[in-house]
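Listed below are the residues making up each chain.
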Amino acid sequence: MRNLAEKWPAAPDWATATLSKGSVGVRTLGGLNQLLVSGDLAAWSEASGLAGEGVGAGAIAGGDTYMARVARDRLLAVGEQPFPIAAGWHEAGFAVTVMDAGLHVFEIEGPDLDRLIARGTALDPGAASRSASILFAGVGVLFYRFGNPDRARLHVDRGLAPYLWEWLEQAQVL
């Protein structure tokens, strides 16, 4: 039987892989705790102690714990420490799903970040939207800025991370 895996490039060692394109650098972030929350977000906020609606595409998130808005009734809670709330259905009206292994996180930083965003999506790099969910390089990602306007994070399905890495390698930023 033919080995179809031979036609695809090997995935990089995510622990050490870095990429530099002009004045933009890309690396993988590991160790983040990611919870997908669906349902009554006000009840989630009360139960978790995390206030707010979550940031949308282009908005700036920050801190050890923050949230990215996915849809009207869905968000991704991201933290450096585990969250003090159990996965599963909660009687208050929301569900929590652990996404640590399901989503790969890229951090992109540099003064030409907006040029890279303009190449990957139709989103206006200078505008923010209510949802962090966008198409970037043809795949669905969660996109937001982190800490400052020149740093962004992309959460992508883990199976699509090698494709997105290859796209970033080939992207002409300058």
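Scroll up a little and you will see the structure.
*Asks:* Hey, could you run me through the sheet that holds strand β5 (residues 65–71) in this one?
*Replies:* The strands making up a sheet associate through backbone hydrogen bonding, with each pair oriented either parallel or antiparallel. Taken in spatial order, the five strands of this open sheet run β5-β6-β3-β8-β7, and their pairing is antiparallel. Every interior strand has two partners, whereas the edge strands, β5 and β7 (88–90), have only one. Each neighbouring strand pair of the sheet contributes to a mean axis angle of 25°, computed without reference to strand direction. As paired elements, β7 and strand β8 (residues 94–98) share three bridges and run antiparallel to each other. Its bridge partner being in β8, Gly 88 is matched across the sheet by Val 96.

*Asks:* How should I be thinking about the side chain of Glu 107 in this particular structure?
*Replies:* With respect to the element layout, Glu 107 can be found in strand β9 (residues 103–109). At 2.9 Å, the side chain of Glu 107 forms a polar contact with the side chain of Arg 153. Excluding residues within four positions of it along the chain, Glu 107 makes contact with Gly 25, Val 26, Arg 27, Leu 29, Phe 146, Arg 151, Ala 152 and Arg 153.

*Asks:* Would you explain the packing of aromatic side chains in this entry?
*Replies:* In this description, an aromatic ring pair is defined by two values, namely the gap between the centres and the angle between the planes. Counted by the stated rule, this structure contains seven aromatic pairs. A centroid spacing of 6.0 Å and a plane angle of 80° characterise the contact between Trp 44 and Phe 94, whose relative ring orientation is edge-to-face. In this pair, Trp 44 is assigned in helix α1 (residues 41–48) and Phe 94 in strand β8, connecting sequence segments 50 residues apart. Taken as a pair, Trp 44 and Phe 94 share a single burial class, namely buried. Here Phe 136 and Trp 167 contribute two aromatic rings whose centre-to-centre distance is 5.3 Å and whose plane-to-plane angle is 70°, an arrangement assigned as edge-to-face. Here the residue Phe 136 occupies a position in strand β10 (residues 133–136), and Trp 167 occupies one in helix α3 (residues 161–170), the gap between them amounting to 31 residues. In terms of burial, Phe 136 and Trp 167 fall into one category: buried. Cluster of aromatic residues (ring-pair linked, three or more members): Trp 14, Phe 106 and Trp 165. One Lys or Arg, Arg 153, reaches over the ring of Phe 146 and ends 3.6 Å from the middle of that ring.

Reading the values: the criteria
- Residues numbered from 1 in each chain as written.
- Predicted model: local features only at pLDDT ≥ 70, side-chain atom pairs only at ≥ 80, totals over all residues.
- Heavy atoms only, no water.
- Pairing = 2+ DSSP bridges.
- Helix = DSSP H or I, 4+ residues; strand = E, 2+ residues; numbered from the N terminus.
- Axes fitted to C-alpha atoms, helices over the stretch in contact; angles between N-to-C directions.
- Polar contact = N/O pair within 3.5 Å; in protein donor to acceptor, adjacent residues only side chain to side chain.
- Contact = heavy atoms within 4.5 Å.
- Phe/Tyr/Trp six-rings, centres within 6.5 Å; stacked < 30°, edge-to-face > 60°.
- Buried < 20%, exposed > 50% of the residue type's maximum accessible area, 1.4 Å probe, protein only.
- Lys NZ or Arg CZ within 6 Å of the ring centre and 35° of its normal.

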